[in-house]
Amino acid sequence: QVQLVESGGGLVQPGGSLKLSCAAPGRLFSVKTMGWYRQAPGKQREVVATITSDGDTNYTDSVKGRFTVSRDNAKKTAFLEMKNLEAEDTAAYYCNALVWPSGYNRYIEVWGQGTLVTVST
């Protein structure tokens, strides 16, 4: 079973920065779109940012200009650099990807276990 591995969450003050990483381990033939989602307490999970294998990016309006999504295709790793963090950014952040694992005959959607980001004084 393929599972993404996230890291980089933590506690940060408002206005601070954090950088999340997401690695897709294991034998994979291909990794298509990778994305970051978040879920705040009592709210539904929402998409934050996505990036295709060609580097095309999309962001939800609330993070535009503050967050930057990037990836290293050779290392099958995605990143989410978050600047000027606000209390409203507090949530569990999940990595998502469309991957083609070795031994499969199609792409499958996989998730990470989540990493907590807390923005507070």
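Residues numbered from 1 in each chain as written. Predicted model: local features only at pLDDT ≥ 70, side-chain atom pairs only at ≥ 80, totals over all residues. Heavy atoms only, no water.

Caption draft 1: The overall build of the chain, seen in detail. Within the chain, the secondary structure is distributed over 0 helices and 11 strands. Its helices and strands taken in sequence order, the chain reads β-β-β-β-β-β-β-β-β-β-β from the N to the C terminus. Once the C-alpha set of the chain is aligned to its principal axes, its extents read approximately 50 × 25 × 20 Å. Relative to all contacts within the chain whose residues are 6 or more apart in sequence, the contacts with residues 24 or more apart total 55%. Per element, the accessible surface of the chain, about 6,700 Å² overall, is 46% carbon and sulfur. Placing the 13 positive and 11 negative side-chain charges of the chain at their respective mean positions leaves the two points 7 Å apart. (Helix = DSSP H or I, 4+ residues; strand = E, 2+ residues; numbered from the N terminus. Contact = heavy atoms within 4.5 Å. Areas by Shrake-Rupley, 256 points an atom, 1.4 Å probe, with all protein chains shown as cover. Lys, Arg positive; Asp, Glu negative; His and termini not counted. Charge placed at Lys NZ, Arg CZ, Asp CG, Glu CD.)

Caption draft 2: Up close: the nonpolar core. Membership of the largest hydrophobic core comes to 31 residues, with the highest contact counts inside it found for Trp36, Leu80, Met82 and Tyr93. Elements that contribute at least two residues to this core include exactly strand S3 (18–23), strand S4 (28–39), strand S5 (46–51), strand S7 (67–72), strand S8 (77–82), strand S9 (91–101), strand S10 (108–111) and strand S11 (115–119). Element by element, the count of residues in this core is highest for S9, at 5 residues. (Core = buried A, V, L, I, M, F, W, Y, C linked by side-chain atoms within 4.5 Å. Buried < 20%, exposed > 50% of the residue type's maximum accessible area, 1.4 Å probe, protein only.)

Caption draft 3: Structural detail: the side chain of Arg66. Structurally, Arg66 can be placed in the loop between strand S6 (57–59) and S7. In terms of polar contacts, Arg66 uses its side chain to reach the backbone carbonyl oxygen of Ser62, at 2.9 Å. The residues touching Arg66, leaving out its near neighbours within four places in the chain, are Glu81, Met82, Lys83, Asn84, Leu85, Glu86 and Asp89. (Polar contact = N/O pair within 3.5 Å; in protein donor to acceptor, adjacent residues only side chain to side chain.)

Caption draft 4: Highlighting the sheet that holds S3. As summarised here, the arrangement of the 4 strands in space is S1-S3-S8-S7, forming an open sheet in which the pairing is antiparallel. Looking at the sheet topology across the chains shown, the edges are occupied by strand S1 (5–7) and S7. Ignoring which end each strand starts from, the neighbouring axes of this sheet average 15 degrees apart. Of the pairings in the sheet, the one linking S7 to S8 comprises 6 bridges and is antiparallel in character. For Asp72, the partnering residue across the bridge sits in S8 and is Thr77. (Pairing = 2+ DSSP bridges. Axes fitted to C-alpha atoms, helices over the stretch in contact; angles between N-to-C directions.)

Such coordinate-based values are descriptive only and should not be taken to indicate function.
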